[in-house]
Amino acid sequence: MTHVENELTSQPECWTRAAAEAPRYGGVLPAPGERVAIVGCGTSYFMAQAVAALRESAGQGETDAFAASEYPHGRSYDRVVALTRSGTTTEVLELLGELRGRTRTTAITADPHTPVMTAADDVVVLDYADERSVVQTRFATTALTLLRAHLGLHPDTAVADARTALEAPLPEGLVACTQFTFLGRGWTVGLANEAGLKMREASLAWTETYPAMEYRHGPISITTRGTATWMLGEAPEGLAEQVGATGALWVAGTLDPLAELVRAQRLAVAVAAARGLDPDVPRHLTRSVILAP
């Protein structure tokens, strides 16, 4: 079993712990009414997109998500939250340094022995969700679970759904598809983006992601036999039928959307295995992006 497989199967336990511990961090995570930016790189950026949409839609305050390298310094925020598994990513550390003394910062990380511990004003360490693999799975979803619980939006069904996602067989014919499209709405757009990234990283698959309604405005034209179109969350009315008419495989999101992401992680590993690839050694990637001066 690969590191990725070992780590993704431990997610129900990690989520249970994160949800239980969320009240401990109430003083360093965004308070209702604060204007907040959430930043990250790669997977962490997509988790930031999901959290930002969740928080703002819940009426807890204006919330934006940015890739750390694209943070708009002309805007004013009460707090910036940085998601960084490794605690060493260059763009995140540079941004935290630039914000010191101007904007309160919180970092959520997996490793307490890295520069982010002193770069941020406040730090949350999820060391039990750290990973050996390059391809992120459990740290990202555990950080999102912590923030969902902090917002009061972690449903009781999420952990049970994650177990179902790990145990139930993938839809017949899915692994054999040659093109994958992930769709989301609201906070699940970030999850769709992350599902697509997992497929590209682990299995080198041709994968695209869109907000579900935008998929109708052109991208559906590439959908055909051999395409899998996977909806994370509730689909717009009529979309499943439109995809079915193209000959593509429609995959409905029947579980909690975060659990659906676990299913997509499993798919990435399964497609990698079918193609003779090692998901622990993704092409051209390292566990952290550290830029030389």
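Above this text sits the structure in question.
Residues numbered from 1 in each chain as written. Predicted model: local features only at pLDDT ≥ 70, side-chain atom pairs only at ≥ 80, totals over all residues. Heavy atoms only, no water.

Enquirer: Can you explain the packing of aromatic side chains? Please cite residues and give values.
Expert: Each aromatic ring pair is specified by the distance between its two centres and by the angle formed by the two planes. For the structure on display, the rule yields six aromatic pairs. Measuring from centroid to centroid gives 6.4 Å for F66 and Y77, while their planes differ by 70 degrees, and the two rings are edge-to-face. Residue F66 is found in strand β2 (residues 63–67), and its partner Y77 is found in the loop between β2 and β3 (79–84); the two are separated by eleven residues along the sequence. In this pair, the class of F66 matches that of Y77, namely buried. Aromatic side chains F182 and W230 sit 5.6 Å apart centroid to centroid with 35 degrees between the ring planes, which places their arrangement in the tilted category. Here F182, found in strand β6 (residues 179–184), pairs with W230, found in strand β8 (residues 227–231); they are 48 residues apart in sequence, far enough to count as distant. Taken as a pair, F182 and W230 share a single burial class, namely buried. Site record: aromatic cluster; members linked through ring pairs are F66, Y71 and Y77. The positively charged end of R35 is found above the aromatic ring belonging to Y77, 4.8 Å away from the centroid. (Phe/Tyr/Trp six-rings, centres within 6.5 Å; stacked < 30°, edge-to-face > 60°. Helix = DSSP H or I, 4+ residues; strand = E, 2+ residues; numbered from the N terminus. Buried < 20%, exposed > 50% of the residue type's maximum accessible area, 1.4 Å probe, protein only. Lys NZ or Arg CZ within 6 Å of the ring centre and 35° of its normal.)

Enquirer: Tell me about the environment of V243, and name the residues and values.
Expert: Positionally, V243 belongs in helix α10 (residues 239–245). Considering only alpha carbons, one finds V243 and L261, 18 residues apart in sequence, at a separation of 20 Å. Look past the residues within four positions of V243 in its chain and what remains in contact with it is Y215, I220, T223, T229, A248 and W250. (Contact = heavy atoms within 4.5 Å.)

Enquirer: Talk me through the nonpolar core; I want residue IDs and the actual numbers.
Expert: Membership of the largest hydrophobic core comes to 63 residues, with the highest contact counts inside it found for I108, F180 and F182. No other element matches the nine residues that helix α11 (residues 257–274) contributes to this core. Filtering out sequence-adjacent residues up to four positions away, F180 remains in contact with L174, V175, M199, A205, W206, T207, E208, A228, L267, V271 and R275. Counting residues in each nonpolar core, the second largest holds 16 residues, with V80, A82, V116 and A119 among its members. (Core = buried A, V, L, I, M, F, W, Y, C linked by side-chain atoms within 4.5 Å.)

Enquirer: Give a description of the pattern of salt bridges that names residues and reports values.
Expert: A complete count under the given rule lists 14 salt bridges for this structure. One salt bridge connects R79 with D122, and the closest N-O pair in it is separated by 3.3 Å. One end of the pair, R79, is in strand β3; the other, D122, is in strand β5 (residues 122–125), and 43 residues separate them in sequence. An identical accessibility class is assigned to R79 and D122; each is buried. Of the charged contacts, one joins R85 and E131 as a salt bridge, the two residues approaching to 2.6 Å between their closest N and O atoms. Separated by 46 residues along the polypeptide, R85 in the loop between β3 and α4 (90–99) and E131 in the loop between β5 and α6 (138–150) bring together distant segments of the chain. Salt bridges here are not isolated pairs; linked through shared partners, they connect E34, R79, R104 and D122. (Salt bridge = Lys/Arg side-chain N within 4 Å of Asp/Glu carboxyl O.)

Enquirer: Could you give an account of the side chain of R79, naming the residues involved and the relevant values?
Expert: Judged by its relative accessible area of 7%, R79 falls in the buried class. Within the local environment of R79, its side chain forms a polar contact with the side chain of D122, the two groups lying 3.3 Å apart. (Polar contact = N/O pair within 3.5 Å; in protein donor to acceptor, adjacent residues only side chain to side chain.)

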